[in-house]
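Residue-level listing of the chains:
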Amino acid sequence: MPTEKTLLVRNAQVLVTMDQRRREIEGGGLYIQGGRIVAVGPTGVLPASADQVLDLRGHVVVPGLVNTHHHMFQSLARAVPASQDRELFSWLQNLFPMWGRLTPEMVRVSTQIAMAELLLSGCTTSSDHLYVFPNGCRLDDSIEAAEQAGMRFHASRGSMSVGESQGGLPPDGLVEKEPAILADTRRVIEAYHDAGRFSMRRIVVAPCSPFSVSRDLMRESAALARGYGVSLHTHLAENVRDVTYSQEKFGRTPADYAEELAWVGRDVWHAHCVQLDDAGIGLFARTGTGVAHCPCSNMRLASGIAPISKMVERGVPVGLGVDGSASNDGAHMLGEARQAMLLQRVGFGPAAMTARGALEIATLGGARVLGRDDIGALAPGMAADFAAFDMGRLNFAGGVHDPVAALVFCASANVSHTVINGRVIVRDGQLLSLDLPVLIERHNRLARLMAG
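Residues numbered from 1 in each chain as written. Predicted model: local features only at pLDDT ≥ 70, side-chain atom pairs only at ≥ 80, totals over all residues. Heavy atoms only, no water.

Engineer: Just to check I follow, could you spell out the overall build of the protein chain for this structure?
Structural biologist: On a plain count of helices and strands, the protein chain comes out with 14 helices and 17 strands. For 452 residues, the compact-globule estimate of 2.2 N^0.38 gives 22 Å, and the protein chain sits close to it at 21 Å. Principal axes of the C-alpha set define a box for the protein chain whose edges measure 65 × 45 × 45 Å. The proportion of buried residues among the 452 residues of the protein chain is 61%. In the protein chain, the proportion of contacts linking residues at least 24 apart, taken out of those at least 6 apart, comes to 75%. Accessible surface for the protein chain amounts to roughly 16300 Å². Of this, 51% is attributable to carbon and sulfur atoms. (Helix = DSSP H or I, 4+ residues; strand = E, 2+ residues; numbered from the N terminus. Rg over C-alpha atoms; globule rule 2.2 N^0.38 Å. Buried < 20%, exposed > 50% of the residue type's maximum accessible area, 1.4 Å probe, protein only. Contact = heavy atoms within 4.5 Å. Areas by Shrake-Rupley, 256 points an atom, 1.4 Å probe, with all protein chains shown as cover.)

Engineer: Just checking my understanding: could you explain unusual backbone geometry for this structure?
Structural biologist: It is generally the case that most residues other than glycine have a negative phi and that most peptide bonds are trans. At Met-18, a residue that is not glycine, the phi angle is positive and equals roughly 55°. Topologically, Met-18 is positioned in the loop between strand E1 (6–16) and strand E2 (24–33). A positive phi angle, near 70°, is found at Phe-198, a position not held by glycine. Residue placement: Phe-198 occurs in the loop between helix H4 (178–192) and strand E9 (201–207).

Engineer: Explanation requested: the packing of aromatic side chains in the structure shown.
Structural biologist: For any pair of aromatic rings, the description consists of the separation of the ring centres together with the inter-plane angle of the planes. Per the stated rule, a full pass over the model turns up nine aromatic pairs. On the basis of an interplanar angle of 80° and a centroid distance of 6.4 Å, the ring pair of Trp-99 and Tyr-131 is categorised as edge-to-face. Taken together, the residues Trp-99 in helix H1 (residues 88–99) and Tyr-131 in the loop between strand E7 (123–130) and helix H3 (139–149) connect sequence positions 32 residues apart. As far as burial versus exposure is concerned, Trp-99 and Tyr-131 are alike and both buried. Ring geometry for Phe-250 and Tyr-257: centres 3.9 Å apart, planes at 10°, overall stacked. The exposure class assigned to Tyr-257 is buried, which follows from its relative accessible area of 1%. Clustering of aromatic rings is evident, with ring pairs tying together Phe-73, Trp-91, Phe-96, Trp-99 and Tyr-131. A cation over an aromatic ring shows up here: Arg-36 above the ring of Phe-198, its NZ or CZ 3.8 Å from the ring centre. Between Arg-157 and the ring centre of Phe-133, over which it is positioned, the NZ or CZ distance is 4.2 Å. (Phe/Tyr/Trp six-rings, centres within 6.5 Å; stacked < 30°, edge-to-face > 60°. Lys NZ or Arg CZ within 6 Å of the ring centre and 35° of its normal.)

Engineer: Honestly, the pairing of strand E14 (residues 386–390) in this entry has me stumped. Any pointers?
Structural biologist: Working note: regular strand, side chains alternate between the two faces of the sheet. Along E14, four of the five residues are buried, which leaves the element largely enclosed by surrounding structure. The pairing of E14 with strand E15 (residues 417–420) spans three bridges and is classified as antiparallel. Residue pairing for E15: Ala-387 is matched across the bridge by Thr-418. (Pairing = 2+ DSSP bridges.)

Engineer: How should the packing of helix H2 (residues 104–120) against helix H14 (residues 436–451) be read in this particular structure?
Structural biologist: Pairs of packed helices are described in terms of their axes, by the angle between the two and the distance that separates them. Viewed as axis vectors pointing N to C, H2 and H14 meet at an angle of 130°, and their least axial separation amounts to 10 Å. On the basis of the axis angle, H2 is oblique to H14. The chirality of how H2 crosses H14 is left-handed. Judged by residue contacts, Glu-105, Met-106, Val-109, Ser-110, Gln-112, Ile-113, Ala-116 and Leu-120 of H2 engage Leu-436, Leu-439, Ile-440, Arg-442, His-443, Arg-445, Leu-446, Leu-449 and Met-450 from H14. The residue makeup of the contact of H2 with H14, split by class, is eleven nonpolar, three polar and three charged. (Axes fitted to C-alpha atoms, helices over the stretch in contact; angles between N-to-C directions. Parallel < 35°, antiparallel > 145°, perpendicular 65-115°, else oblique. Left-handed = near helix turned anticlockwise from the far one by under 90°. Nonpolar A, V, L, I, M, F, W, Y, C, P; charged D, E, K, R; others polar.)

Engineer: Quick question: what am I supposed to make of a nonpolar patch on the surface here?
Structural biologist: Where nonpolar side chains cluster on the molecular surface, the patch consists of Ile-305, Val-346 and Phe-348 and spans about 270 Å² of accessible area. When you line up the elements, Val-346 lands in helix H11 (residues 333–348). (Patch = residues over 30% accessible without salt bridge, like charges linked within 9 Å, V, L, I, M, F, W, Y side chains within 5 Å. Salt bridge = Lys/Arg side-chain N within 4 Å of Asp/Glu carboxyl O.)

Engineer: Mind showing me how you'd approach the state of the cysteines here?
Structural biologist: By definition, a disulfide is the covalent link that joins the sulfur atoms of two cysteine residues. Evaluation of the coordinates by the stated rule reveals zero disulfides. A disulfide-free cysteine, Cys-123 has its sulfur positioned 13 Å from the sulfur of Cys-294, the nearest such atom. A residue is classified by how much of its surface remains accessible, and Cys-123, at 0% relative accessible area, is buried. Cys-410 takes part in no disulfide bond, and the closest cysteine sulfur to it belongs to Cys-296, at a distance of 17 Å. (Disulfide = S-S within 2.5 Å.)

Pasting the structure below:
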């Protein structure tokens, strides 16, 4: 049998492990074999050679960042004038007609644009919530695009089944029949889901939101997911109108509605939860239900300040999400960590979130939310997913006092290197897996077509 290829990372200015002791190793490095971390420590104690060597002196190396919530197709709808200054519901109603023009090519190209941004910002694992399927679009389109990009991917089979005529928010032309939703969800799980450790692709069952799907679909989706052993994801308590809708339509708070439908547990995570009340936070803490915190989107849509510091203190699993680029207009995971820290301080005081706390929810927190024990930290036996940031760049000039904190406090920088499963995807700031100039030109052409 051929010998598995090895990779040596050496001389990092600081290696941030996020291991059980939260070690930060000056002059640190990694020894990797077959895409797995074999050894971690000061460079001097590691093997002296390997098939490939990355000398990262002057760099801070962190575990690959984990994005727990995205709508990659929305990269085609950035800064749309009619939706620039609206809250969630009216923002959606303005964009639904555009999304009705989505094609399979648009799904593939927008997925790769979103992944390129993420990869260049230090993200190695991302979920995506695709919930509109007009014009022959399928989840397969985004899965195939992700494989070309080289990103570790949790593809969520989203859905909407309650249109305007039934009291829902989306137009009737964008909803699907529930039997068809469930049948296609089974199909993609059976075709694509890999439950194994170090898996590059997992499928998630993800009805869109309480205002776009029925009680029955929520219940049946939970049963289907648990039958296959896959995770569950949806939006919850995103803004005040979202809470009011739940109370008026279902006679429940969003958290109580989720509990009634079996949408709590370690296999479930909810996006936003900006307006999750104290009882809901307690429920999530007791059940291990996760939250995808999306600070930029929450600010863009004026949804409020999620009580993340309180959630973390009470033991709720919390990860970061960039959310769709129509409500964030970017997909920079290190930038999202910075905004998470700053927004908690605006809402709850200067000690509400530290720089290292923001990095932790962006790495270990995201891994926990996605139900993974093989990513989020640099330790023996973990996947070789990491990002390296060059501290000699302008963004970090003067940040010599605490380079790790400087990653979050200073203006957000792109990576020097991104490595996934031991494979170098970004080298010296250049994305290797995709032809970015060609992709951008194609994406802009499709964005104009979507605009109609």
